[in-house]
Each structure stands twice: as structure tokens, then as C-alpha cells.
Amino acid sequence: MDIGPYSGILKYIGKSIIKIISLLIAVSILSFILVSASPVDPVRAYIGEVGMANMSAENLARLEAYFGINTPPIERYWNWFTDFIQGDMGSSLLYRQPVSSVIQVKFMNSMVLMMTAWLFSGLLGFILGIVAGLYRGRWIDKAIKGYSLLIASMPTFWLALVLVMIFSVWLQILPIGLSVPIGVNAAEVSIFDSIKHLILPALTLSVIGIANITLHTREKMIDIMGEDYILFAKARGKSRFSIIRNHALRNIMLPAITLQFASISEIFGGSVLVEQVFSYPGLGKAAVSAGLGGDAPLLLGIAVISAALVFGGNLIANLLYGIIDPRIRRGSAYE
Amino acid sequence: MNNTGSVTILQKYQRKRLNQRSQTLLVLAFGSIFLLAITVIGTLVGDIAITTNFTQKNFLPQIAHPFGTDWLGRDMLARTLKGMSISIYIGLFASVISAVIAAILGAAAATLGKKVDAVITWFIDLVMGIPHLLLLILISYAIGRGTFGVVVAVAISHWPVLTRIIRGEILQLKEANYIKIAGKLGQSKMKIVVKHMIPHVFPQFLVGLVLLFPHAILHEAALTFLGFGLPPEQPGIGIILSESMKYLSLGMWWLALFPGMVLMTTVLLFDLVGGSLRKMIDPHSAQE
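Not measured: the values here are computed from a predicted model. As a convention, each chain's residues are numbered from 1 in the sequence order in which they are written. The naming scheme follows written order: chains are lettered A onward, ligands numbered 1 onward. Whole-chain, interface and lining totals are the exception, using all residues; otherwise, since this is a predicted model, local features are given only for residues with pLDDT of at least 70 and side-chain atom pairs are given and counted only at 80 or more. Side-chain metrics rest on all non-hydrogen atoms present in the structure, leaving aside hydrogens and water.

**Student:** Give me the lowdown on the overall build of chain B, citing residues and values where you can.
**Tutor:** Per the secondary structure count, chain B includes 10 helices and 0 strands. Rg of the C-alpha trace for chain B: 24 Å, well past the compact-globule value of 19 Å for 288 residues, more than 25% over. When the backbone C-alpha atoms are referred to their principal axes, chain B occupies close to 80 × 80 × 30 Å. Counting the 288 residues in chain B, one finds 48% classified as buried. Contacts between residues were defined by any pair of non-hydrogen atoms, one from each residue, lying within 4.5 Å. Partitioning the contacts of chain B with sequence separation of at least 6, the portion at a separation of at least 24 is 70%. Strands here are runs of E lasting at least two residues and helices are runs of H or I lasting at least four, both read from the DSSP assignment and numbered beginning at the N terminus. With C-alpha atoms as the basis for the radius of gyration, the globule rule is written as 2.2 Å multiplied by the number of residues raised to the power 0.38. Each residue is placed in one exposure class: buried if its accessible area under a 1.4 Å probe, protein chains only, is under 20% of its type's maximum, exposed if it is over 50%, and partly exposed if it falls in between.

Take a look at the structure:
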């Protein structure tokens, strides 16, 4: 069945989407099993210890029925799943709101943070990698490489603490945390305030994210600069800049972009830690509160959403491969 | 007699340097000794790490207390080393468990046919689809917080990457000429596995195991930092850092700076040791 030059891609997209849906269902099942296995009692988490002591037996039984304590797990999962399909993820115990609306708000906040860090670290890492690869063995290469290796071993939350110490406590130019200043109505927060509170978390995430992409781009750059066509371009007297632009850039962009899209999982992990340090109201902080507070529906919702994000990133990475590299588009990489 | 002018580049005097293999060995030895030292000292430190001394509260770093003391007068150096040694033990245990899981699954995927391979690859995709930290939170939520939870969570979630590596190695090996020839020469499957495959895969496995350490340690510290891991009375690195957060705005920078640096150094050293080990085992990768 050949519909045209892009039939390969279309078939590939179709296959991938089916695979992603199957994986997402599996993720939800896995998360559901984990959440159900928890010793945390949802009723107890919902009304608290004091409430447990003061509650009459029949009210307790009603609540237990509401949380489905005595329904078999498979039935409970099926109920959750059918609701989920219709956009109802249950209601959060901590926030006393539907999970979907909690996630919606947190998701936007997290996206702003993650996208900023993602773009910034990607661009900067790419440029640093090119510079390091170009001046291989010189001091600038050694500096960039050393920095990347150091950053790769650095605990995200510690870097966040160090940045707080420098910029908030010592220099006192940026706020410590809380994306909404204390005593100010959430609706009255100006854009400027939000940005000010975004700087440190985004900076932390970017600095951590740079390491991988820099090292990777550097390797590729070194490989490519050793190619014959680069030597020939040099022999023709082309300038260094035009060699990079015309010959090297496309070749190193491909793996770099793929890597960056595939790193969404790591950025998400980093954002959990960073949001915790800076009390940034995003998905990561919500996940931690949900985990500590016994809020199973919220934790479940966040797990599925973040997995969707990761799978989406991987799919885009694979698709971009084809768009940037015409050889793959025509070739059999999608088979 | 001055004849520097006639000296060619090849003859020019060069400072004697260790060759690359010796350098690698040196790094390997130094890193291992340092890590061993942290572990042993941390284990032997004992009660100093939790002894409070209210006459010595909030000291800046000084000779008697190189890392300073905290708001209860506990020596931060002792606490840090103790916490680090706990992290290393957990990391060790977790990496071994994960590596064993990876070895079994990787070998199964590569040898037991297409269906098993598809199932295992699918599982790898599944586990890697949930952001790792979130998966850790989920597992420790399922088991219940505390030391046991964090150990299990870190131990059973680090296998996918190594499984992929081992699967790839074995698949490649199966196609290698010398394995095929050994089969044609009538050697039994058992003999081929023991004599030809394991000697090739085992070093890779060992390197993979050592390189799992840094991840396991960082994840343990992160999970503890978030409040899911070790209980607050343990001097874990994550605990120390999350407690220090409350005192940062009071200007007590040393509470966070030094423990974090020790954690970073440990992770860096494990990375170096793993990298050196790879260079020793696989000389191809030694020349960058």
C-alpha cells in the first residue's frame, strides 16, 4: 500500500501511536497496582487521625464504600479507567478538587519551567558542544568538558540549594521560593513577579540539563571534523564559520535534537527536586505532596500524564529524525 | 655545544609522562581507595554523628569541626561521612540487585526467542516511560516510606539501561564469527556459553554494575531529600540537606555546602572508577 512519499512516515506514526497507547495503559495499570499496594489507608488519609477517632461506624462504612475499599482491585481499576477516558481522574484528597483541574494548573506551571530550561539548556549545550569539539584539546575544550563532567555528577537539589545561598541569601537579588509572594493574592501577581520567581528554578534545571547535550554534541563534532569532506572544504579555503554552517550543523543537529527530546524524562525528574526546593507549584511538587500525604488519585494522574509527556517526546524525536535527515525519510528506518 | 636548532620535533625533549594505561590504573586505584576510606570511616564514626552538644551550636567550619556544627551541636563532618557510608551501602546493594535483574532479563531477551525479546523490550519501554524519580516515589509509596522502601525502590528500578546493553552485547555476540565457528566445530551450547560468551559479557556487566552506583546513590539521596527515604533520625545525606534548607535563610551555608560536595565527589569518583575500569577492560575505548 503506497500512498506517496510519506506513506512510510504515516504508517510509522500510526504504529507508534498504538504502541504509546498500549504503553500508557500499562503505565496506568502498573501505577494503579503500586498505589493500591500501599499501606496508606485512603480513608485515614482523607479525614486524618483525629477524624478517624471521632467518626461513627456507619459514616466510616460509607466513606469506605466511597473509596471502594471492599471492591475488588480489577473492578476498581476498570472504574477508574472508564472515568479516565471521559476526562475524570477522580478527586484529589489533598486539594479537595477534581484531579484533572489540579493537574491542569500544575501542568501549566511545570511546563513554563520545564520548557524554559529545556530550550535554554538545549541551545547553550549545543553551542558549548560545538565550541568544545572545534577546539578539541585546547583549554576551552578542557574547561567545557570538565564542567560537563562535574555537572553530570551534581545532585540537582544541592545545586538548587547552592544557588539559593548565592542569589537569595548572600546577594539577596532573587526570592527564595514561592512563586506567589506571601500576602499577595494569586490573581494580582504581575508577570514580572512570576518571571522573577522562575529565574532560579529554571537556571538550576538548565545548568543540570546542559551536561548531557554538551558532551554528546562534542563527540559528534569531533567525529565530523575528522571527515574527508571537511578536510576538502578546508582545502578549498572555506572559512571555519561557513564550514560549520554548511557541513557540520545539520549532521550534529540531528542527534542533538533527538537527545534533547529523549531527555524529557530526566528534566521531569529534575523539576520534581527543583520545585521542592523552591516551593514552585508545579506537577513535581504536587507529586511529592501526593506521595507524602497519601493522595493516591493525584499521584496516579500525575504518573500517567508525565508518562504521556515522555512518550510524546520520544515520538517527536523519532519523527524529527526523518524530517531533518532525508536519507532516513526515504530509507527503511521506519520499518 | 648548542645544537637546539637542529633538533627535530621528534627528538624534542618531552616531560616524562605516565602512559595512558598507567594513568588509568592510578585513577582507578586512587578512586577506589578514597571511596573505601569514606565507607570505612563513615561506618566507624558511630555515635559522634548523632551526639548533640549544646555548648557547640552553630559553629562555623574550624579546625576542630572542619564542616562546622549544626543547630544541635552535632559535628557535620561525622554526620556527612556517616550519611555517605549509608548511601554507599544502599547504592551497593541496589546496584547489585539491579545488575542481576538486568543480567537475567538481558540474557533472556537475547536468547529465548523473539516473543520473549518483544515482551522484555516492551517492559523496558514501560519502565523508562515513567520519569525515574516519579517511579521511585510510586514504589516507595507502595511499600511504605522508610529505609526498606527506599532500598527496594532504588534496587528494582535501575535495571532497564543495563538490560538493554547486555541484550545488545549478546545479540551481537551470537552473530560473531568465532561463536558461529565454535558451533560448526561441534562444541556444545553449554561450552560456547561458558567458554566464549561469558568471558566477553562479564566484564561489560561488571562495568555496567559499577556505573549503576552513581545513579543509585544520587537517586537514594534525592528520594530521601524529598521525604520518602531514610527516617529523619538517620544522618542520611538527603536528610542533612533537606534539614539544612530551613537554616539557609539564617545564613548557615556550611550545613548544605560541604555535605553536598562530599556527595558530589563520591558520585564523581564512582563515575571515574567505572570509566577507568571500562578503559582497562576494553582498550578500544581508552583512546577517547
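Continuing now.
**Student:** Just give me the short version of the interface of chain A and chain B, but keep the residues and values in it.
**Tutor:** With 51 residues of chain A at the contact, the number on the chain B side is 42 residues. Defined here as a combined quantity, buried area equals the accessible surface (1.4 Å probe) lost by two parts on assembly, summed across both. Among the residues of chain A in contact with chain B, Ser153(A), Phe157(A) and Trp158(A) are the three that bury the most area, contributing 16% of the side total. Between Lys or Arg on one side and Asp or Glu on the other, a salt bridge is scored when a side-chain nitrogen of the former is within 4 Å of a carboxyl oxygen of the latter. Counting every contact that joins chain A to chain B gives 1 salt bridge. Across the pair Asp125(B) and Lys19(A) runs a salt bridge, and its minimum N-O distance is 3.0 Å. Mapped onto the side of chain A that touches chain B, the elements with two or more residues apiece are α1 (7–37), α6 (139–152), α7 (156–170), α11 (264–278), α12 (283–293) and α13 (296–324) of chain A. The element contributing the most residues to the side of chain A that touches chain B is α1(A), with 10 residues.

**Student:** Tell me about the nonpolar core, residues and numbers included.
**Tutor:** Within the largest apolar cluster, 151 residues are counted, with the highest numbers of intra-cluster contacts made by Phe157(A), Ile302(A), Leu226(B) and Leu263(B). The element contributing the most residues to this core is helix α8 (residues 189–226) of chain B, with 17 residues. The residues touching Leu226(B), leaving out its near neighbours within four places in the chain, are Val272(A), Leu273(A), Gln276(A), Val288(A), Leu292(A), Leu133(B) and Ile137(B). As used here, the term nonpolar core means buried Ala, Val, Leu, Ile, Met, Phe, Trp, Tyr and Cys residues forming a set that is joined through side-chain atoms within 4.5 Å. Ile213(A), Met221(A), Ile230(A) and Ile243(A) belong to the second largest nonpolar core, which has 14 residues in total.

**Student:** Outline the packing of aromatic side chains, supporting the account with residue identities and numerical values.
**Tutor:** Each pair of aromatic rings taken from Phe, Tyr and Trp, with Trp reduced to its six-membered ring, is defined by centres within 6.5 Å and is described as stacked if the planes are under 30 degrees apart, edge-to-face if over 60, and tilted in the remaining cases. On inspection of all chains with the given rule, the structure shows 14 aromatic pairs over all chains. Relative to Phe261(A), the ring of Trp118(A) has its centre 4.9 Å away and its plane inclined at 65°; by these criteria the two rings are edge-to-face. Placement of Trp118(A) in helix α5 (residues 99–134) and of Phe261(A) in helix α10 (residues 240–262) is noted, with a sequence separation of 143 residues between them. Note on Phe30(B) and Phe34(B): the rings are 5.9 Å apart at their centroids and 40° apart in plane angle, and the pair reads as tilted. Of this pair, Phe30(B) and Phe34(B) both sit in helix α1 (residues 20–45), 4 residues apart, roughly one helical turn. With a relative accessible area of 52%, Phe30(B) lands in the exposed category.

**Student:** Talk me through helix α9 (residues 237–248) of chain B; I want residue IDs and the actual numbers.
**Tutor:** In this scheme, a helix's expected span is set at 1.5 Å multiplied by one less than its residue total. A rise of 1.5 Å per residue sets the reference length of α9(B), with its 12 residues, at 16 Å; its end C-alpha atoms lie 16 Å apart and thus fit the reference within 8%. The element α9(B) is extensively covered by neighbouring structure, given that 9 of its 12 residues are classed as buried. On its buried face, α9(B) is in contact with α7 of chain A together with α2 (76–111), α8 and α10 (254–281) of chain B.

**Student:** Provide a residue-level description of the side chain of Ser153(A), including the pertinent values.
**Tutor:** Position of Ser153(A) relative to the elements: it lies in the loop between α6 and α7. For Ser153(A), a relative accessible area of 1% puts it in the buried group. What qualifies as a polar contact is a pair of N or O atoms within 3.5 Å, subject to a donor-acceptor requirement within protein and to the restriction that residues adjacent in sequence count only when both atoms come from side chains. A distance of 3.3 Å separates the side chain of Ser153(A) from the backbone oxygen of Leu149(A), its partner in a polar contact. The residues contacting Ser153(A), other than those within four sequence positions of it, are Leu218(B), Met264(B), Val267(B), Leu268(B) and Asp271(B).

**Student:** So what's going on with the packing of helix α4 (residues 132–143) of chain B against helix α5 (residues 147–155) of chain B? Which residues, and what values?
**Tutor:** Residues and elements named next belong to chain B. Helix axes use the C-alpha atoms of the stretch in contact, all axes being lines fitted to C-alpha atoms, and the angles between their N-to-C directions lie in the range 0 to 180 degrees. Contact geometry for α4 and α5: axes closest at 8 Å, N-to-C directions at 135°. With respect to α5, the axis of α4 lies oblique. Every pair of crossing elements has a handedness; the one defined by α4 and α5 is right-handed. Contacts between α4 and α5 involve Leu-136, Ile-139, Ser-140 and Ile-143 on the former and, on the latter, Phe-148, Gly-149, Val-152, Ala-153 and Val-154. Our angle categories are set so that under 35 degrees counts as roughly parallel, over 145 as roughly antiparallel, 65 to 115 as roughly perpendicular, and the remainder as oblique. We call a crossing left-handed when the near helix sits turned anticlockwise from the far one by less than a right angle, and right-handed when that turn is clockwise.

**Student:** Tell me what's going on with the confidence of the model for chain B, and back it up with residues and numbers.
**Tutor:** One confidence number per residue, pLDDT, is output by the predictor and ranges from 0 to 100. Confidence along chain B averages 84 in pLDDT terms, with 91% of residues attaining 70 or more. As a predicted assembly, this complex carries a pTM of 0.84 together with an ipTM value of 0.83.

**Student:** Describe unusual backbone geometry, naming the residues involved and giving the relevant values.
**Tutor:** Phi at Ser279(A) is positive, roughly 45°, even though this residue is not glycine. Its place among the elements puts Ser279(A) in the loop between α11 and α12.

**Student:** Lay out the environment of Met154(A) with the relevant residues and their values.
**Tutor:** Among the structural elements, Met154(A) can be located in the loop between α6 and α7. The exposure class of Met154(A) is buried, given its relative accessible area of 11%. When the C-alpha atoms of Met154(A) and Ile208(A) are compared, they prove to be 7.7 Å apart, with 54 residues separating the residues in sequence. If sequence neighbours within four positions are ignored, Met154(A) has contacts with Leu159(A), Ile208(A) and Met264(B).

**Student:** Please set out the pattern of salt bridges residue by residue, giving values where relevant.
**Tutor:** Two side chains of opposite charge can pair, provided their charged atoms sit close to one another. All names here are of chain B. Under the definition given, this model contains 7 salt bridges over all chains. Linking Glu-243 and Arg-79 is a salt bridge whose minimum nitrogen-to-oxygen distance equals 3.5 Å. A residue pair is termed long-range when its members are at least 10 positions apart, and Glu-243 in helix α9 and Arg-79 in helix α2 qualify at 164 residues. Here Glu-243 falls in the buried class, since its relative accessible area comes to 16%. Here Arg-79 falls in the buried class, since its relative accessible area comes to 2%. Two residues, Arg-167 and Asp-117, come together in a salt bridge whose shortest N-O distance is 2.6 Å. Separated by 50 residues along the polypeptide, Arg-167 in helix α6 (residues 159–175) and Asp-117 in helix α3 (residues 114–129) bring together distant segments of the chain.

**Student:** Tell me about the environment of Phe261(A), residues and numbers included.
**Tutor:** Residue and element names in this part refer to chain A. You can call Phe-261 buried: its relative accessible area is 15%. When the C-alpha atoms of Phe-261 and Val-277 are compared, they prove to be 25 Å apart, with 16 residues separating the residues in sequence. Phe-261 has contacts with Trp-118, Gly-313, Asn-314, Ile-316, Ala-317 and Leu-320, leaving out every residue within four places of it along the chain.

**Student:** So what's going on with a nonpolar patch on the surface? Residues and values would help.
**Tutor:** All names here are of chain B. Taken together, the side chains of Met-190, Val-193, Val-194, Ile-198, Phe-202 and Leu-206 present a nonpolar region at the surface, about 530 Å² in accessible area. Topologically, Leu-206 is positioned in helix α8. Assessed through its relative accessible area of 31%, Leu-206 is described here as partly exposed. Put simply, a patch holds well-exposed residues, over 30% relative accessible area, that have no salt bridge, with like charges counted together within 9 Å and Val, Leu, Ile, Met, Phe, Trp or Tyr side chains within 5 Å. Residue burial considers only the protein chains on display, and all accessible areas are found by Shrake-Rupley using a 1.4 Å probe.

**Student:** Account for α3(B), with residues named and values stated.
**Tutor:** Each α-helix winds once per 3.6 residues, and so residues spaced three or four apart point in a common direction. Here α3(B) is 16 residues long and its end C-alpha atoms lie 22 Å apart, about the 22 Å a rise of 1.5 Å per residue gives. For α3(B), the full list of buried residues reads Asp117(B), Ile120(B), Ile124(B), Asp125(B), Leu126(B), Val127(B) and Gly129(B).

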